[in-house]
Amino acid sequence: IFNSCCKVYAPYYRQATLASFLSMNGNGGKALNFAYKDVRVAFKYFLTNYNKNRPFVLVGHSQGAMHIIRLIKEEIVGTDLLDRMVVAYTIGYPSLPITGLRVCSSRDQTMCQISWNTQTLEAEGRTVDSNEICVNPLNWENSNIPVDKEKNNGSISFLENSKLFLHLVGARCVDGKLVINEINSKYFKYMPFGSGIFHHYDFSLFHMNIRNNIQERILSFNRN
């Protein structure tokens with residue numbers, strides 16, 4: 001998605017296993033802390049060797065989003081780095097507002113945070129805090145306004161087939177969740193966390209909207 005706008009820096013890190021989230025106060029928490037150290041070191045290395053004081057975008061999904069949230073709190077908010085952060089995507093992980101960082105509420109806002117977790121209205125499987133950040137990637141607003149699928153510029157399921165689907169699905173934010181309708185497509189059917197939990201497609205369902213919008217945000221950042 002982001003090679004349309006930026007030089008992509010995507011380092012490996014020693015990711016904790018899924019079971020770690022079942023033992024956050026035990027060995028699971030230790031594993032996640034270990035994984036975060038890799039992310040922090042990689043960010044420091046990026047700043048020293050690649051960034052050259054340019055603006056940057058932060059992107060994480062699922063466990064990666066959890067680490068990005070911690071990185072923002074510990075290394076960016078309250079520092080000069082925030083003035084160079086175009087936007088942060090913390091997608092696919094429950095994200096509450098971070099003190100000192102705005103939640104994005106328009107398509108050209110910068111130095112702010114974007115998050116969502118995609119599911120159907122009927123889906124069950126996780127407890128949702130109503131204060132969770134939900135920025136709708138079809139209108140880039142932090143609101144519960146429903147947006148029709150005609151505003152979806154293209155979805156791509158890299159899990160099954162790299163085919164572009166136009167106007168596949170609309171979306172709206174409901175109590176911290178990004179709610180979509182069921183998709184009757186063989187290309188968007190992998191849901192290991194339960195029926196209606198589109199976790200693996202948080203980016204894919206809105207691929208072209210994200211790809212186009214990041215360019216808008218960068219233009220806005222450079223103007224300001």
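This text follows the structure it describes.
Cut-offs used in this document
- Residues numbered from 1 in each chain as written.
- Predicted model: local features only at pLDDT ≥ 70, side-chain atom pairs only at ≥ 80, totals over all residues.
- Heavy atoms only, no water.
- Buried < 20%, exposed > 50% of the residue type's maximum accessible area, 1.4 Å probe, protein only.
- Helix = DSSP H or I, 4+ residues; strand = E, 2+ residues; numbered from the N terminus.
- Pairing = 2+ DSSP bridges.
- Right-handed = clockwise from strand over helix to strand, strands pointing away.
- Core = buried A, V, L, I, M, F, W, Y, C linked by side-chain atoms within 4.5 Å.
- Contact = heavy atoms within 4.5 Å.
- Axes fitted to C-alpha atoms, helices over the stretch in contact; angles between N-to-C directions.
- Parallel < 35°, antiparallel > 145°, perpendicular 65-115°, else oblique.
- Left-handed = near helix turned anticlockwise from the far one by under 90°.
- Phe/Tyr/Trp six-rings, centres within 6.5 Å; stacked < 30°, edge-to-face > 60°.

Here we take up the pairing of strand β1 (residues 56–61). Residues of β1 alternate between two faces, with F56, L58 and G60 buried on one and V57, V59 and H61 left unburied on the opposite face. Of the strand pairs in this sheet, β1 and strand β2 (residues 85–91) are connected by 6 bridges, and their pairing is parallel. Each residue of the ladder has a partner; that of V57, found in β2, is V87. Handedness of the β-α-β unit built from β1, helix α2 (residues 63–76) and β2 comes out right-handed.

Ranked by internal contacts, the top residues of the largest apolar core, which has 34 residues, are I114, L205 and F206. Elements with a contribution of two residues or more to this core: β2, β4 (112–114) and α3 (207–223). For F206, the contacting residues outside a window of four places in its chain are W116, T118, P137, L138, N152, G154, S155, A171, L178 and I180. In terms of nonpolar packing, the next biggest core, distinct from the first, is built from 16 residues, L71, L81, L82 and A88 among them.

One can describe the packing of helix α1 (residues 27–51) onto α2 by two numbers: an axis separation of 10 Å at closest approach and a directional angle of 60°. Comparing the axis directions of α1 and α2 gives the class oblique. Remark: the crossing between α1 and α2 carries right-handed chirality. Contact residues: α1 offers L32, N33, A35, Y36, V39, R40, F43 and K44, while α2 offers Q63, M66, H67, R70, L71, E74, E75 and I76.

Here the focus is the packing of aromatic side chains. Inspection of the entire model under this criterion finds 15 aromatic pairs. Ring centres 5.8 Å apart and planes at 70° place the aromatic pair F165 and F188 in the edge-to-face group. Of this pair, F165 sits in strand β7 (residues 161–165) while F188 sits in the loop between β9 (177–179) and α3, placing them 23 residues apart in sequence. Chaining the aromatic ring pairs together yields one cluster made of F2, Y89, W116, W140, F203 and F206.

It is worth spelling out the pairing of β2 at this point. The buried fraction of β2 amounts to 7 of the 7 residues, a majority that puts the element mostly inside the structure. As paired elements, β2 and β4 share 2 bridges and run parallel to each other. Bridged to A88 within β4 is Q113.

On to the side chain of S204. Within the element layout of this structure, S204 appears in the loop between β9 and α3. Residues within four places of S204 in sequence aside, it is in contact with G154, S155, I156, S157 and F158.

Here the focus is the sheet that holds β2. The strand order across the open sheet built from 4 strands is β1-β2-β4-β3, with neighbouring strands paired in parallel fashion. Edge strands, defined here as strands with exactly one partner in the open sheet, are β1 and β3 (102–103). Helix-sheet contacts for α2 involve β1, β2 and β4, and the interaxial angle to β1 is about 140°.

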